[in-house]
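# Architecture at a glance
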Amino acid sequence: MSGVNEIRSAFLDYFAKNGHEKVSSSPLVPRNDPTLMFVNAGMVQFKNVFTGEEKRPYSTAATSQKCVRAGGKHNDLDNVGYTARHHTFFEMLGNFSFGDYFKDRAIELAWTLITKEFGLPKDKLLVTVYADDDEAAALWRKIAGLSDDRIIRIGTSDNFWTMGETGPCGPCSEIFYDHGEGIPGGPPGSPDEDGDRFIEIWNLVFMQYEQMAGGERVDLPRPSIDTGMGLERIAAVLQGVHDNYDIDLFRILIEAVENTIGSRAEGNQTASHRVIADHLRSAAFLIADGVLPSNEGRGYVLRRIMRRAMRHARLLGAREPVLFKLLPTLVGEMGRAYPELGRGEALISETLKLEERRFLQTLDRGLSLLADATEGMDAGQKLSGETAFKLYDTYGFPLDLTQDALRQRGIAVDLDAFNTAMARQKAEARKSWVGSGEAATEKVWFPIRERVGATEFLGYDTEEASASVA
Ligand code: ATP
Ligand code: MG
Ligand code: MG
Ligand code: MG
């Protein structure tokens, strides 16, 4: 059985052996891309190479890319702890061809890796292709010998990738692993495809068109390849476990949580252990890449992640800061592959501890307010927006933390009322700002910034702007 560190190396070595340049992961904060909150796929660092704006001394590459999907178009925050396959931070293994090889070689490379090198049985695998991509379907038949019932045609955007409104785009083909009967969920394209029986392990993107501004789509002269495979998902398959959180790395992290807090990852405590292990990774890697907790933009996403983890630690009985105590275990497991973790360890540790101390001052009071406000409530009922706003404003509860806290009881938050309260406060803050003299600047401005800074943040798409309001 191989651990994640060996699987990562095996992937990179395999593609190096096949002529690919090994390229390091880029930092999580995208360079020169204000439209994107965090790097969320391996191709991000190569965007300009795909469009031809930038030249590199190689035409094929392989990476293990740090990704965060907790805000923006891809937001898996609410999946963590509830699905077997989602993290907020994960590593995406990818191979890339910049106008070099195309579909046939990409399929051959992927199939050989998973069935020959990794030894996965063919009868556990199935693939999807874009509905009209006859070429890809034929290649899967020829190269992999898959029968037609294992090549599923999907006509949705899930299987058609675009870089943006314009630019390179093309059909995808995804490889799924069947974890077996007994696990709820249907094959891709079926009504219950969101279950966790058939897990998507690898996405192959065939960039073959360019989307023009006028709506026209033209063939790219030199089509390209972009692929992404979740390291934790392939590790689960190779380690014979169904769930990402049962792989070696997560077992070690979860054990550290158990020992530090003195709780067992059993029954309804399991989700909390998973959330803490997951959020520890995203928080540590984000801080290592220069993000610090704040009330707006990227820093607010980090703060939300940290505070969610802290609430779960509190649920498990922790009364003192714990995240920083888990850090050495993470550095021990991942520090060799990502030296920035070790280099940043002191800063990460201090940042975690400080944020935990600060939030612990209001967490308990906020939780008891929440308990009082929802006493006797049943599933389907809503927490008042005023209360959610008070929790946000006075107790430092990001909206999604409150929602997360109520989720298992099936209680939602009255979002309209929450937004109204937020808007009212913004308006009031503006009024007192105008009316105040110079001496009041610090007294007024800093608390306002603390409270409403997040709402000023409109740099990303609307979804991200509203997420940062939360
Ligand atoms: P899913 O449908 O399971 O949410 P996706 O289609 O959003 O996955 P892609 O955008 O195609 O994922 O990313 C490429 C690969 O990265 C996926 O096939 C999967 O192996 C991995 N991956 C994506 N999101 C996550 C995540 N949140 N946690 C762990 N691995 C992920
Ligand atoms: Mg997804
Ligand atoms: Mg998918
Ligand atoms: Mg996908």
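Our subject in this report is the structure included herewith. (Residues numbered from 1 in each chain as written. Chains lettered and ligands numbered in written order. Predicted model: local features only at pLDDT ≥ 70, side-chain atom pairs only at ≥ 80, totals over all residues. Heavy atoms only, no water.)

In contact at an axis separation of 10 Å, helix 1 (residues 4-17) and helix 5 (residues 231-238) are set at 110° when each is read in the N-to-C sense. Judged on the interaxial angle alone, helix 5 and helix 1 are roughly perpendicular. Here V4, I7 and R8 of helix 1 come into contact with helix 5, specifically with L231, I234, A235 and L238. (Axes fitted to C-alpha atoms, helices over the stretch in contact; angles between N-to-C directions. Helix = DSSP H or I, 4+ residues; strand = E, 2+ residues; numbered from the N terminus. Parallel < 35°, antiparallel > 145°, perpendicular 65-115°, else oblique. Contact = heavy atoms within 4.5 Å.)

The subject of this paragraph is the pairing of strand 7 (residues 167-178). In summary, the side chains of a regular strand alternate between the two faces of the sheet. When you tally the buried positions in strand 7, you get 12 out of 12 residues, the bulk of the element. Pairing of strand 4 (residues 125-130) with strand 7, which is carried by five bridges, proceeds in the antiparallel orientation. When the sheet's bridge partners are listed, L126 is paired in strand 7 with F176. Pairing between strand 6 (residues 160-162) and strand 7: three bridges, direction antiparallel. Among the inter-strand pairings, F160 is bridged to a residue of strand 7, identified as P171. What sits between strand 6 and strand 7 in their antiparallel hairpin is a turn of four residues. (Buried < 20%, exposed > 50% of the residue type's maximum accessible area, 1.4 Å probe, protein only. Pairing = 2+ DSSP bridges.)

In this fold, E258 is placed in helix 6 (residues 248-261). The exposure class of E258 is buried, given its relative accessible area of 12%. Residues in contact with E258, not counting those within four places in the same chain, are S263, R264, A265 and H273.

What follows is about the environment of C67. Mapped onto the fold, C67 is located in strand 2 (residues 60-68). The exposure class assigned to C67 is buried, which follows from its relative accessible area of 0%. Through-space distance from the C-alpha of C67 to that of I411 is 31 Å; in sequence the pair is 344 residues apart. The residues contacting C67, other than those within four sequence positions of it, are L28, V39, N40, A41, G42, T88, F89, F90 and M92.

Counting residues in each nonpolar core, the largest one holds 111 residues, and the members touching the most others are W140, I175, W202 and L352. Counting residues per element, this core draws most heavily on helix 7 (residues 270-288), at nine residues. Setting aside residues no more than four positions away along its own chain, L352 makes contact with L280, A283, I287, M306, L323 and F324. Listed in part, the 21 residues of the second largest apolar core include A41, Y58, F96 and C172. (Core = buried A, V, L, I, M, F, W, Y, C linked by side-chain atoms within 4.5 Å.)

Another point: the pattern of salt bridges. Following the criterion strictly, the structure yields 27 salt bridges and no others. Here D13 and K22 are joined by a salt bridge, their closest N and O atoms 2.7 Å apart. The class of K22 is partly exposed, set by a relative accessible area of 45%. The salt bridge partner of D148 is R141, with a shortest N-O separation of 2.6 Å. The partly exposed category is assigned to R141, whose relative accessible area is 37%. Among the ionic contacts, a cluster of salt bridges with common partners joins D78, R304, R308, R311, D400 and D404. (Salt bridge = Lys/Arg side-chain N within 4 Å of Asp/Glu carboxyl O.)

Our focus in this paragraph is helix 4 (residues 134-144). When helix 4 is considered as a whole, its buried residues turn out to be A136, A137, L139, W140 and A144. Looking down the long axis of helix 4, one finds its buried residues gathered within 160° of arc, a one-sided arrangement. Where helix 4 is buried, its residues meet helix 3 (103-117), strand 4, strand 5 (151-154), strand 7 and strand 8 (198-211). G145 lies just past helix 4 and shows a positive phi near 70°. (Arc of directions from axis to C-beta.)

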